[in-house]
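Remarks on the overall topology
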Amino acid sequence: MSEQANAPARPTGAGWNELDRRGIPVAAIFMLGVAVLAGVPTAIGLSAISTTVALAWTLPGAAFVVIAGVVAEWLRHRTTRYRVGPDRVELHSGVLIRRRRSLQRDRIRTVDVTADPLLRVFGLVSVRVGTGERADDGTVRLSPVTRDTGDELRRTLLDRVGDGTAEGTLAVLDKGWIRYAPLSFVAPALGSAAFGGVLNVADWFDLAGGVIAWAVDRLAGFGLLGGIAVLVASGLAVGVIGALGLWVEMWWNYRLDREPGGTLRVRRGLLTTRSISLEEERLRGVDVVEPLGARLSGAARVDAVATGMATGTENTKTDHNTLLPAAPKAVADRVAAEVLREPVSPTEAVRLRPHPIAARGRRVRWALATVVVGELPLVVLGVLLTDVLLHIAWITAVVAVPVAVALAFDAYRSLGHGSVGDYLVARSGSVRRSTVALQCRGIIGWTVRQSVFQRRAGLSTVLATTAAGAGAYAIRDVGTGTGLDAADAAVPGLLAPFLERAPAPAPVREPVPDLA
Amino acid sequence: MTTSTTNATAPPPSSTRLRPPRNPVDRRAVGWWTTNLLLLAAAPVAVLVVLGYLITPARFWLIAPAVLIAAVGLVAAAALPRWWFRVHRWEVTDTAVYTRTGFFWQEWRVAPLSRIQTVDTRRGPLEQRFGLATVVVTTASAKGAVTIPGLDHALAADIAEQLTLTTQAVEGDAT
């Protein structure tokens, strides 16, 4: 056994498992898909020369891509072995460079199981085992294994000593929540992406000019403003449909459970199913996020603030830390409270203290500066070239200035901080209002920032650094003294040796309301 | 409207402030920062001047920005390091590391010793020339690292060793 540690060959024998053999056909189908997607436009482009040339180039290329994919997957299958021992999980992998990874079992914090449609057809899943560490070294990815193996891995690796906590369901999907999907910024983004996509595909066939001419022809009947309105409306329609589709794919069959041993588990997904497990021990708070559209319709999303969540590039796009999608505010508050095992969510119970009025001036100035920067090119070009641009500039300014100022006032109204129980709560943002409740035991340092402008206004931004979530959560533009007092109260003793209080009797700290 | 009412009910502003950390950085840091800024400005200036020398028709449009960058660089190199020297301060107590950096965007950082994960000293080529080193203290937070630049390199090594010893005594994974 001891040679195994040094032997370069793949380990065999007791306890060592291989990945599922069906990974090879999965890779073959996937590469075939890639070959078709890349090959078809190339073939069409080349067929302008001659069909024979096109086929002569693309078919061998496609065959090569598929064969290379299969060979690579076969090598990976042959060289990858994993073992779940009593103390550690070990993974040996790599064809040219042998890599060994070994995770201590009592450090394992997350076991996520995902299955894309292709894997699901074969009854396979991909398992990601993670420790608290942020680096890639802290994760082991086993892909693919059978669904049963995946479930068993999840159960064995996260099964701590059951302390008798009852299993319970915190939230299940209400199909009505889909109404919040089109309100997100996904819709306009998808809409404009659709236009770009159409032009891009047309460009492959050298038809971009034709498509534009066709569209201009069609819209000619509506006049300039009408044409723009039709374009915007159709873009939005496409975006809304896309947002609805995306929402269904991401959140279908969503449920949030609490499992024995203190683990929260999110399950969701229509085509690609995901199961994300989070140990409550790792939870340091929650973030109740209200994007503007959702907020106006009374909805909020709940994100976990937890250590050891995948924060790398790999998972930012899959909303790994979202515990609840946009849902009515009351549901969000209830889920936030239950996740933290509190009677009332600290984000609700807290009495937020507003920040000095100077913070509003800063927001108004930022808003106006943004408008000016946006208008500047129009004005410069207008002066140099044509009056039309100047007219567009003043018309957009008439619309943009009130909107920007309204957002600035709203952003100021959102600002606030407070504390309730063991939680520090901070809120900020208008377009994306976020109310973070952070457990004070999770705060592992302070950063205080002050720009020259803030210094003149007597403001500071106080950041609580934490191992969880985004790494730091800010109390923005708070009165310097108030912010420091709040920080000092949240983690007694840490900041105190570095504070200077007024020689006059120390300001009486505001009595902190308990759960309201 | 709403804000004026909230202001009326708000308690009087607190006058609590952060005191400056006890220790200044090494005097030689001024030289290091000045050299850094000069080199930073010299690189684009050199490129522009060479191009201006070679490309006669565009000479004015290449030399003019070069002069501008050189002027800004010289002023910055003359003024900023002295300012920074006044502002950059650090302190290590029995319980925490405390630093102040920046001038236009001033920043105070506090990291408790009990949460420190790694302590490194860094020495770039320029820093070695000036006999300086930078101490970098990281915690479990992605944004919690505390750096103390411009220390005498022997002092930096002492601090790093002392911090490492202190933090080794603390159990747990510091999250």
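Residues numbered from 1 in each chain as written. Chains lettered and ligands numbered in written order. Predicted model: local features only at pLDDT ≥ 70, side-chain atom pairs only at ≥ 80, totals over all residues. Heavy atoms only, no water.

Chain B is annotated in an unreviewed UniProt entry as PH domain-containing protein from Pseudonocardia humida.

What follows covers the packing of helix α6 (residues 186-204) of chain A against helix α7 (residues 208-219) of chain A. All names here are of chain A. Between α6 and α7, the shortest axis-to-axis distance is 7 Å and the interhelical angle comes to 130 degrees. On the basis of the axis angle, α6 is oblique to α7. Of the residues in α7, those in contact with Val-198, Leu-199, Ala-202 and Asp-203 of α6 are Ala-208, Val-211 and Ile-212. Of the residues belonging to the contact of α6 with α7, the class tally is six nonpolar, no polar and one charged. (Axes fitted to C-alpha atoms, helices over the stretch in contact; angles between N-to-C directions. Helix = DSSP H or I, 4+ residues; strand = E, 2+ residues; numbered from the N terminus. Parallel < 35°, antiparallel > 145°, perpendicular 65-115°, else oblique. Contact = heavy atoms within 4.5 Å. Nonpolar A, V, L, I, M, F, W, Y, C, P; charged D, E, K, R; others polar.)

In the numbering used here, UniProt assigns the feature "transmembrane region" (unreviewed entry) to residues 37-55 and 61-80 of chain B. In residues 61-80 of chain B, helix accounts for 100% and strand for 0%; the two terminal C-alpha atoms are 28 Å from one another. (UniProt positions renumbered as here; feature names shortened; annotations may be inferred.)

Taken together, seven strands build an open sheet; the order of strands is β20(A)-β19(A)-β18(A)-β5(B)-β4(B)-β3(B)-β2(B) and the sheet is antiparallel. Where the open sheet ends on each side, the last strands, each with one partner, are β20 (472-479) of chain A together with β2 (23-24) of chain B. Direction of pairing for strand β18 (residues 443-451) of chain A relative to strand β19 (residues 459-466) of chain A: antiparallel, over a ladder of five bridges. Bridge pairing in β19 of chain A places Ile-443 of chain A opposite Thr-466 of chain A. Sitting on the sheet, helix α16 (residues 480-490) of chain A touches β18, β19 and β20 of chain A, and the angle it makes with β20 of chain A is about 140 degrees. (Pairing = 2+ DSSP bridges.)

This part takes up the nonpolar core. All names here are of chain A. Formed by 39 residues in total, the largest nonpolar core has its most connected members in Trp-177, Tyr-254, Leu-256, Leu-283, Leu-323, Leu-324 and Val-339. When we break this core down by domain, the ones giving at least three residues each are domain 2 (178-251) and domain 3 (263-355 + 415-498). Excluding residues that lie within four positions of it along the chain, Leu-323 makes contacts with Tyr-254, Leu-256, Val-266, Leu-278, Val-302, Asp-303, Ala-304 and Val-339. Within the second largest apolar cluster, 28 residues are counted, among which are Ala-426, Val-462, Ala-490 and Val-491. (Core = buried A, V, L, I, M, F, W, Y, C linked by side-chain atoms within 4.5 Å. Buried < 20%, exposed > 50% of the residue type's maximum accessible area, 1.4 Å probe, protein only. Domains from an automatic or database assignment.)

Let us now look at the side chain of Glu-73 of chain A. All names here are of chain A. Along the chain, Glu-73 turns up in helix α3 (residues 51-79). Relative accessible area serves as the criterion here: at 13%, Glu-73 is assigned to the buried category. Setting aside anything within four residues of it in sequence, one finds Glu-73 in contact with Gly-23, Ile-24, Ala-27 and Pro-144.

Right, let's talk about the confidence of the model for chain A for a bit. Residues and elements named next belong to chain A. Chain-level pLDDT for chain A is 84 on average; 89% of the residues reach the 70-or-more range. Note on residues 1-10: pLDDT is under 50 here. Beyond four places in sequence and across chains, it has 15 contacts. The low-confidence segment residues 512-516, where pLDDT is below 50, has 10 contacts with residues more than four positions distant or belonging to other chains. (pLDDT = per-residue confidence, 0-100.)

On to the interface of chain B and chain A. Tallying the contact residues gives 33 residues for chain B and 42 residues for chain A. Carbon and sulfur atoms make up 54% of the area that chain B and chain A hide from each other, which totals about 3,300 Å². For the pair chain B and chain A, the interface holds two salt bridges. Close ionic contact of Arg-449 of chain A with Glu-107 of chain B constitutes a salt bridge, the shortest N to O distance being 2.6 Å. In this structure, the connection of chain B to chain A is made through 15 residue pairs in polar contact (both at pLDDT 80 or more). Counting only elements with at least two residues in the side of chain B that touches chain A, the list comes to α1 (2-9), β1 (17-18), β4 (96-101) and β5 (105-112) of chain B. (Buried area = accessible area lost by both parts, 1.4 Å probe. Salt bridge = Lys/Arg side-chain N within 4 Å of Asp/Glu carboxyl O. Polar contact = N/O pair within 3.5 Å; in protein donor to acceptor, adjacent residues only side chain to side chain.)

Residue and element names in this part refer to chain A. If you trace the backbone, Pro-25 turns up in helix α2 (residues 23-46). Among the residues examined, Pro-25 registers a relative accessible area of 31% and is labelled partly exposed. The spatial distance from the C-alpha of Pro-25 to the C-alpha of Glu-73 is 9.1 Å, given a sequence separation of 48 residues.

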